[in-house]
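For reference, the chains in residue letters:
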Amino acid sequence: MRYDYVVIEREYGSGGTEIGKILSEKTNIPCYGSEILNGVSEKLQIPVSDIQKYEESTTNSFLYSIYAIGKMNEGAEHLLSKENQIFMEEQNLIKSYAMHGPAIFVGRCAASALESKKVLKIFIQADAESRRQRAVKEYGIPENMADGTMAKYDKKRRNYYLVNTGKKWKDWSNYDIVLDSGKLGIPACVRIIQATME
């Protein structure tokens, strides 16, 4: 296999999580997404809902994140904000999962935890109508709230990625492959990623 790890970043409603799960079933490689949140929740004794709120309020300062990483390396975790503690725990958990062998990671800036590994970096996007339909039909979002929900989660992911990596979420140079699930469909996206892996 050419790559040990697949990392999927995705727009809300693009089906990126579903793609990761189907890819996992077809390759027998574990997929981690919500498991990372649940693991951090257990470690820090913070409800998942609170972790999501902390992520939404992440300070929009990459310089602060560099400072926080320095404090973490010095063993001064107690000086970190709750948002940075959560991110550091997420990164540690991703590294821990990676030690068990090949894996698929969905979101959480996983590529930054796996920089020295053979990582295939994917971004899944889709047109607004395809995302809107998935949000309503599959995620149960009321139709009149779909656009607002999409914008809210995309903004959260964009800020979280920028603050914790110093890179723009939709800068395609950060990824090896960018796929449009609205045009290609979920099965085709899975096949393309699987073929690239092998």
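Figured I'd write up the structure that's included with this text.

The interhelical angle for the contact between helix H1 (residues 16-27) and helix H10 (residues 186-197), taken along N-to-C directions, is 55 degrees, at an axis separation of 9 Å. Compared by their axis directions, H1 and H10 come out oblique. Relative to H10, H1 is oriented so that their crossing is right-handed. Facing Glu18, Ile19, Ile22, Leu23, Lys26 and Thr27 of H1, the residues of H10 in contact are Ile186, Cys189, Val190, Ile193, Gln194 and Met197.

Turning our attention to the nonpolar core. Nonpolar side chains in soluble globular proteins tend to end up buried together. Of all hydrophobic cores here, the largest spans 20 residues; its most connected members are Tyr5, Val7, Ile36, Ile94, Phe105 and Leu114. Counting residues per element, the ones that place at least two in this core are strand E1 (5-10), helix H2 (34-44), helix H5 (82-98), strand E3 (103-106) and helix H6 (110-113). Val6, Ile8, Val190 and Met197 belong to the second-largest nonpolar core, a separate cluster that totals 19 residues.

Glancing now at unusual backbone geometry. The backbone phi angle of Asn28 is positive, close to 60 degrees, even though this residue is not glycine. Counting through the fold element by element, Asn28 comes out in the loop between H1 and strand E2 (31-32). Asn28 sits in the exposed class, given a relative accessible area of 71%. Unlike most non-glycine residues, Cys109 shows phi in positive territory, near 55 degrees. The topology assignment puts Cys109 in the loop between E3 and H6.

Conventions we followed
Residues numbered from 1 in each chain as written. Predicted model: local features only at pLDDT ≥ 70, side-chain atom pairs only at ≥ 80, totals over all residues. Heavy atoms only, no water. Axes fitted to C-alpha atoms, helices over the stretch in contact; angles between N-to-C directions. Helix = DSSP H or I, 4+ residues; strand = E, 2+ residues; numbered from the N terminus. Parallel < 35°, antiparallel > 145°, perpendicular 65-115°, else oblique. Left-handed = near helix turned anticlockwise from the far one by under 90°. Contact = heavy atoms within 4.5 Å. Core = buried A, V, L, I, M, F, W, Y, C linked by side-chain atoms within 4.5 Å. Buried < 20%, exposed > 50% of the residue type's maximum accessible area, 1.4 Å probe, protein only.

Shape is all these values report; function is a separate question.
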